[in-house]
Amino acid sequence: MSYTLKWLKCALVRAFKTVAQTAAATIGTGAMLSEVNWRAVLSASLLSGLLSLLTSLAGLPEANDPE
């Protein structure tokens, strides 16, 4: 597989969406914003983004689509 600029863009978009979803889910665990553990939100979100990028190494179907 060739890791091109298109692949990188697709992988980063996917990772960003994953980070946003994880942050939203983690923030939702606190009843009020003052009760949210922001370190846990940041940690879980960054880890999910990293895992998303690593998973993208296995292949991204949208990166193989002709433009």
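Residues numbered from 1 in each chain as written. Predicted model: local features only at pLDDT ≥ 70, side-chain atom pairs only at ≥ 80, totals over all residues. Heavy atoms only, no water.

1. Considerations on the overall build of the protein
Basically, it comes down to this: Only runs of H or I of at least four residues qualify as helices and only runs of E of at least two qualify as strands under DSSP, and these elements are numbered from the N terminus. The contact rule is simple, with two residues in contact once any of their heavy atoms fall within 4.5 Å. The method behind every accessible area is Shrake-Rupley, applied with a 1.4 Å probe, and residues are considered shielded solely by the protein chains displayed. We treat Lys and Arg as the positive residues and Asp and Glu as the negative residues; His and chain ends play no part in the count. Charge placement uses NZ in Lys and CZ in Arg. For Asp and Glu, CG and CD serve respectively.
Helices and strands together make up the secondary structure of the protein, namely three helices and zero strands. Starting at the N terminus and ending at the C terminus, the protein contains elements arranged as α-α-α. Oriented by its inertia axes, the alpha-carbon framework of the protein measures out at about 45 × 20 × 15 Å. Across the protein, contacts joining residues at least 24 apart in sequence account for 73% of those joining residues at least 6 apart. If you sum the accessible surface of the protein, you get close to 4900 Å²; carbon and sulfur atoms cover 67% of it. In the protein, the 5 positive side-chain charges and the 4 negative ones have mean positions that sit 4 Å from each other.

2. So, the environment of Ser34
The line we're drawing: Note on exposure labels: buried denotes an accessible area under 20% of the residue type's maximum, exposed denotes more than 50%, and partly exposed covers the range between, all computed with a 1.4 Å probe on protein chains only.
Of note, Ser34 is situated in the loop between α1 (5-27) and α2 (38-56). Judged by its relative accessible area of 64%, Ser34 falls in the exposed class. Taking the C-alpha atoms as reference points, Ser34 and Leu5, 29 residues apart in sequence, are found 41 Å from one another.

3. Considering the confidence of the model for the protein
Rules: The predictor reports its confidence for every residue as pLDDT, a score running from 0 up to 100.
Here the protein shows a mean pLDDT of 88. Residues at 70 or above account for 91%. Between the elements of the protein, mean pLDDT differs from a low of 78, seen in helix α3 (residues 61-64), to a high of 95, seen in α2.

4. A few points about the side chain of Ser45
Within the secondary structure layout, Ser45 lies in helix α2. Residue Ser45 is classed as buried on the basis of its relative accessible area, which comes to 4%. Filtering out sequence-adjacent residues up to four positions away, Ser45 remains in contact with Val19, Thr22 and Ala23.

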